[in-house]
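Understanding the architecture of this molecule
Here's the letter readout for the chains.
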Amino acid sequence: MSTAVDYSPDYDPESDFDHHYTRATAERIAEVIAPADRVLELGCATGAMGAQLVAVGAHVVGVDRSSAYLRRADARGLRDARYLRADLDVDAWDGEVGGPFDHVLVCNLLHEVADPVVLLERAGALLAPGGRLHLTLQNPHSIHRLVALEMGIIADLRDVSERGRRYGTRGLWDADELIAMAGRAGLSVRERGGVMLKPLPNRAMADLPGDVLDGFTRAARHLPGNCAMTYLVLGR
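What comes next is a walk through the structure. Note that the structure is a prediction, hence the values are computed from the model and not measured.

Attention now goes to the overall build of the protein. The helix and strand tally for the protein stands at nine helices and seven strands. In terms of principal-axis extent, the alpha carbons of the protein reach across some 50 × 35 × 35 Å. In the protein, once contacts between residues fewer than 6 apart in sequence are set aside, the share between residues at least 24 apart is 71%. On the protein, roughly 11000 Å² of surface is accessible, and the fraction owed to carbon and sulfur atoms is 51%. Distance between charge centres in the protein, computed from 26 positive and 33 negative side chains, equals 2 Å.

Quick look at the structure:
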């Protein structure tokens, strides 16, 4: 039986500040998408990231456990996208998605599954020769968490907030820990970086002008180890 938390009634991934990470991550991935590349997105939610990749020529298969999110993804009417409802912990989704894939996306997801290494193994097995697995996750060494530690708001960089627990976060891992997990899953690192600098909590960040937020996104290349999200490109 799955112990996953269904937060779809309370969390809108397109209005929450997290949508900035989705957009920035999709822009990074889109840079390496070739026309007609096959993309598998695990934890696709409402299909916002997949829509950006379809726009540059990808054929996308999205998987999510939330029927409510998938209805919104379907409503986009994208000809080159199809969706499958499945719980990644308990269902045989890897036998239903097809493949192999040029790109497999495990974005802001690994902290919600029961066994991250098993998920990476299953996802990696669906890669075509030379394919890329794109992995992102909240970074415990993000600037906003370092500030919170110094202010005494958190006792440890890996502390999970009440909001995180409500939305199913099981833990936080830094880039080195994620790389070790990937190694146990038979994957190696091709690229290591980060997505968006975040010096402030979400509520304060959301009040900043758009050009400032874009600046924090572009500046990520200068401090990849302290970005809001770790970004790894893995291969078999």
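Let us now look at helix α7 (residues 175-184). Along α7, the positions that sit buried rather than exposed are A175, L178, M181 and A182. All buried residues of α7 project into a common sector of 120° when viewed along the axis, lining one side. For α7, the elements touching its buried residues are α4 (116-124), β5 (127-138), β6 (188-195) and β7 (229-235). Following α7 by one or two positions, G186 adopts a phi angle in the positive range, close to 80°.

The buried fraction of strand β2 (residues 59-64) is high, at five of six residues. After leaving strand β1 (residues 38-42), the chain enters helix α2 (residues 48-54) and then returns to the sheet as β2, a path that is right-handed. Summarising the sheet, β2 and strand β3 (residues 81-85) pair through five bridges and their orientation is parallel. Note that in β3 the partner of V63 across the bridge is L84. Regarding topology, helix α3 (residues 67-74) serves as the crossover connection from β2 to the parallel β3, and that connection is right-handed.

What counts and what doesn't
- Counting restarts for each chain, with residues numbered from 1 along the sequence as it is written.
- Only residues with pLDDT of 70 or above have their local features reported here, since the model is predicted, and side-chain atom pairs are shown and tallied only from 80 upward, although totals for entire chains, interfaces and linings are computed over all residues.
- The basis for every side-chain value is the complete set of heavy atoms in the structure, and neither hydrogens nor water enter the calculation.
- Helical segments are the DSSP runs of H or I of at least four residues, strand segments are the runs of E of at least two, and each set is numbered from the N terminus.
- For this analysis, residues touch if any pair of their heavy atoms sits within 4.5 Å.
- A 1.4 Å probe and the Shrake-Rupley method give the accessible areas. Residues count as covered only by the protein chains that appear here.
- In this count, Lys and Arg are taken as positive residues and Asp and Glu as negative ones, while His and the chain termini are left out.
- Each charge is placed at NZ for Lys, CZ for Arg, CG for Asp and CD for Glu.
- Buried residues are those whose accessible area, probed at 1.4 Å on protein chains only, stays under 20% of the maximum for their type, while exposed residues exceed 50% and partly exposed ones sit between those limits.
- Directions drawn from the helix axis to the C-beta atoms are what define this arc.
- Here is how to tell: hold the view so the strands point away, follow the path from the first strand over the helix to the second, and if it runs clockwise the crossover is right-handed.
- Two strands are said to pair when DSSP picks up at least two bridges between them.

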